[in-house]
Amino acid sequence: GAVVSQHPSWVICKSGTSVKIECRSLDFQATTMFWYRQFPKQSLMLMATSNEGSKATYEQGVEKDKFLINHASLTLSTLTVTSAHPEDSSFYICSASVGSSYNSPLHFGNGTRLTVT
Amino acid sequence: GENVEQHPSTLSVQEGDSAVIKCTYSDSASNYFPWYKQELGKRPQLIIDIRSNVGEKKDQRIAVTLNKTAKHFSLHITETQPEDSAVYFCAAITSNQFYFGTGTSLTVIP
C-alpha cells in the first residue's frame, strides 16, 4: 500500500534554532501533501497544504514565515520550523494521498515529536 | 467552509460491547467520509471509509453508516476488544480538502 515516511520521528532543539522535517511518499507520487499539528489528546490541526512546484497554502493563523514549506518534488515535502520556541513543541504529522485527494484516503507519516527547550 | 462535529469525545465500553461514534458535517458537497484510528503517539490509520453514493459499509467488526439528508455518519464497532482502544477521527472531504472531527478517545475495558 501507499507509504508515507516522515523524518525525524523525534527531535529536541534549543530555542532559537530551526528544525527541518521531511515527508516522503515512498511508492507513489504526491502532488499535494498536508502538514498537521497535533496537541496531546486533540485532533489534527491542518497547518498548510503543500503543492509540488508552487507555494504552500497556509491555514488562517499559521505563520508562513515561521513554518516554511517546500515541495520540490512529487515525493518530498519539507516543513522547517524557524526560530523555534517552546510553544512550538508539538507533534507534527504530514499526509499525502494517491491521486486526487478529493476521493482518495490520506496516508499519514509517523509524525515528528518536536521538543524545544 | 466545512464544519465537522464528532461525539462523544470520550467513550468507555466493556469488552465485547459495541461502540458508536457519530459525526455531523455541514457542507452538502462533501462526498467522501473516512475514519481514522490513532494509537497513542502514532500516525492515524484509515480503518474504513464511505462515499456518498453508499448508505452503509461493513468490514468485519467495523461498519460505517451515512445519512446524507441529515448530514451525519457514524462508526460502529461490534464485539470490542482491548486493542480497539485508541482515538478515532472522522473526516469529511469537500473542495479537495479534508476536515477532521475533534476525535473520540475510546477505551475498551477488559
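Here goes a summary of the coordinates provided. Sequence order sets the numbering: in each chain, residues are counted from 1 along the sequence as written. To read the labels, note that chains go from A and ligands from 1, taken in the order they are written. Where local features are concerned, this predicted model is filtered to residues with pLDDT of at least 70; where side-chain atom pairs are given and counted, the filter is 80 or more; whole-chain, interface and lining totals use all residues. Heavy atoms throughout the structure, all of them, feed into the side-chain values; hydrogens and water do not.

## Examining the overall build of chain B
Here's step 1: Helix numbers and strand numbers start at the N terminus; a helix is a DSSP run of H or I with at least 4 residues, a strand a run of E with at least 2. Counting its regular elements, chain B contains 0 helices and 11 strands.
Here's step 2: Element order for chain B, N to C, with α for helix and β for strand: β-β-β-β-β-β-β-β-β-β-β.
Here's step 3: Taking the principal axes of the C-alpha coordinates as reference, chain B spans close to 40 × 25 × 20 Å.
Here's step 4: For chain B, the residues scored as buried account for 43% of the 110 residues in total.
Here's step 5: The criterion used for residue contact is that any of the two residues' heavy atoms lie within 4.5 Å. Intrachain contacts of chain B at a sequence separation of at least 6 include 53% that bridge at least 24 residues.
Here's step 6: A total of about 5300 Å² of accessible surface is found on chain B, and carbon and sulfur atoms cover 46% of it.
Here's step 7: Counting rule for charge: Lys and Arg are taken as positive, Asp and Glu as negative, and neither His nor the chain ends is counted. Just so you know, the charge point we use is NZ for Lys, CZ for Arg, CG for Asp and CD for Glu. For chain B, the distance from the average position of its 10 positive side-chain charges to the average position of its 12 negative side-chain charges is 5 Å. Here's how the labels work: a residue is buried when its accessible area is under 20% of the maximum for its type, exposed when over 50%, partly exposed in between, all with a 1.4 Å probe on protein chains only. Only the protein chains shown count as covering a residue, and every accessible area follows the Shrake-Rupley method with a 1.4 Å probe.

## Side note on the pairing of strand β7 (residues 62–67) of chain B
Each regular strand carries side chains that alternate between the two faces of the sheet.
All names here are of chain B.
Here's step 1: Here strand β6 (residues 56–59) runs beside β7; their pairing, made up of 4 bridges, is antiparallel. Among the inter-strand pairings, Lys57 is bridged to a residue of β7, identified as Val64.
Here's step 2: A pair of strands is considered paired only if DSSP assigns at least 2 bridges between the two. Once β6 ends, the chain turns through 2 residues before running back antiparallel as β7, passing Gln60 with a positive phi of about 60°.
Here's step 3: Where β7 lies against strand β8 (residues 72–77), 6 bridges are found, and the strand directions are antiparallel. Within the sheet, the bridge partner assigned to Ala63 lies in β8 and is His76.

## Focus on the interface of chain A and chain B
Here's step 1: Listed per partner, the contact involves 21 residues of chain A and 21 residues of chain B.
Here's step 2: Accessible-area loss on putting two parts together, using a 1.4 Å probe and summing over both, is the definition of buried area adopted here. Both sides of the chain A and chain B interface together cover about 1700 Å² of buried area, and 52% of this is carbon and sulfur.
Here's step 3: What makes a salt bridge here is a side-chain nitrogen of Lys or Arg within 4 Å of a carboxyl oxygen of Asp or Glu, nothing more. In this assembly, chain A and chain B are joined by 0 salt bridges.
Here's step 4: Within 3.5 Å is the distance limit for a polar contact, defined as a pair of N or O atoms, with the added protein rule that one can donate a hydrogen and the other accept it, and that residues adjacent in sequence qualify only through two side-chain atoms. Inspection of the region where chain A meets chain B yields 6 residue pairs in polar contact (both at pLDDT 80 or more).
Here's step 5: Those elements that provide at least two residues to the side of chain A that touches chain B are β4 (32–38), β9 (90–97) and β10 (106–108) of chain A.
Here's step 6: The greatest single-element share of the side of chain A that touches chain B, amounting to 3 residues, is contributed by β4 of chain A.
Here's step 7: Any residue outside Ala, Val, Leu, Ile, Met, Phe, Trp, Tyr, Cys, Pro, Asp, Glu, Lys and Arg is labelled polar, Gly included; the first ten of those are nonpolar and the last four are charged. Looking at side-chain class alone, the side of chain A that touches chain B contains 11 nonpolar, 9 polar and 1 charged residues.

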